[in-house]
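Chains, contacts and geometry: an overview
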Amino acid sequence: MPDQDLPAKTKSNLQLRVLSAVVLGPLVLGLIYLGGWAYAVLVLAAAILFLSEWFTITGTKQTSVPAIAGQVALVGACGLKLFGFHVEGLLVVAAGAAATLVLSGFSREGRWGAEGIVYSGLALTALLSLRAGTGGLVFTFFLFFVVWATDIFAYFTGRAIGGPKLWARVSPKKTWSGAIGGLTIAIVFGVGVAAISGASQLVTWAVLAAILSIVSQAGDLLESAIKRRFDVKDSSQLIPGHGGIMDRIDGLVAAAIFAVLIGLIAGGTFADPLNSLALF
């Protein structure tokens, strides 16, 4: 569809999306490069906002004791991870989820809240572990570029080609053409990052890019299903043209957790999940 044929509202929204990406993208990449506390603050802030939006969508009041317990658990897990207490960080996340469940009286909101704490806590610890481990800088750049390429090119390919819906009941705008387009370009970007960094085994990197691209799209669909379950369009209006943090990092959250899972299955540890994959 030519740009001049786009509805005015759609064109304005696209302009906001591009402007937000131009501002936020380099900032995020810079903090990834710095690593350490700077990167940890970025990840923690994203996790807190992610969980806050999860609470809003699923009905947990932000000022309630269960919600506060969940946020405190994220801060505690981040601190423990930074000081090398990796398993303890996960235990704090589990304790926060259990506390939320108990303090809510095992209510429906409490169950959803506990699930949100576990999900955001796993994402927090996964992103910190990936950056701090073997080849952490390269792999974190790789992960972000794969997820971003998937998201951006799925959007544009879907709009340009259209066709059968990926899962119309959950996300009526997503198409198979968009999913395949996002997957294809994500592989190109992922292999490009690996090649520029001097990494070996580019076929393995391509396979990883494909897997993580698919998982990121599954994470996107999961968030869409949750929003549809609670009849919510956007998780918030925090980022102009993009919606909320959940709307922007749903795919990254799923892909980061899955990347750590791959590493653990291959023999890695919570402190260094990718050390056994021999990617570098």
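This text gives an overview of the structure that appears in the document. (Residues numbered from 1 in each chain as written. Predicted model: local features only at pLDDT ≥ 70, side-chain atom pairs only at ≥ 80, totals over all residues. Heavy atoms only, no water.)

Side note on the overall build of the protein chain
Helix and strand content of the protein chain: nine helices and two strands. Ordered by position in the sequence, the α and β elements of the protein chain form the string α-α-α-α-α-α-β-β-α-α-α. In terms of C-alpha radius of gyration, the protein chain reaches 19 Å, essentially the compact-globule figure of 19 Å for 280 residues. Each principal axis of the C-alpha atoms in the protein chain carries an extent, and together these give about 55 × 45 × 30 Å. A total of 280 residues make up the protein chain; the buried ones form 46% of that total. Sequence separation of at least 24 residues holds for 68% of the intrachain contacts in the protein chain that already meet a minimum separation of 6. For the protein chain, the accessible area works out to roughly 13200 Å², and carbon and sulfur atoms hold 72% of it. Seen as two clouds, the 18 positive and the 14 negative side-chain charges of the protein chain have centres 5 Å apart. (Helix = DSSP H or I, 4+ residues; strand = E, 2+ residues; numbered from the N terminus. Rg over C-alpha atoms; globule rule 2.2 N^0.38 Å. Buried < 20%, exposed > 50% of the residue type's maximum accessible area, 1.4 Å probe, protein only. Contact = heavy atoms within 4.5 Å. Areas by Shrake-Rupley, 256 points an atom, 1.4 Å probe, with all protein chains shown as cover. Lys, Arg positive; Asp, Glu negative; His and termini not counted. Charge placed at Lys NZ, Arg CZ, Asp CG, Glu CD.)

Examining helix H5 (residues 108-132)
The end-to-end C-alpha distance of H5 is 36 Å, a good match for the 36 Å that 25 residues give at a rise of 1.5 Å each. Of all 25 residues in H5, 18 are buried; the element is thus mostly enclosed. (Expected span 1.5 Å × (residues − 1).)

Considering unusual backbone geometry
The backbone of phenylalanine 106 sits at a positive phi, close to 55°, despite the residue not being glycine. For phenylalanine 106, a relative accessible area of 52% translates into the label exposed. At aspartate 231, a position not held by glycine, the phi torsion is positive, near 55°. Considering the arrangement of structural elements, one finds aspartate 231 in the loop between helix H8 (202-229) and helix H9 (245-265). Of the residues examined, aspartate 231 reaches a relative accessible area of 74% and is grouped as exposed.

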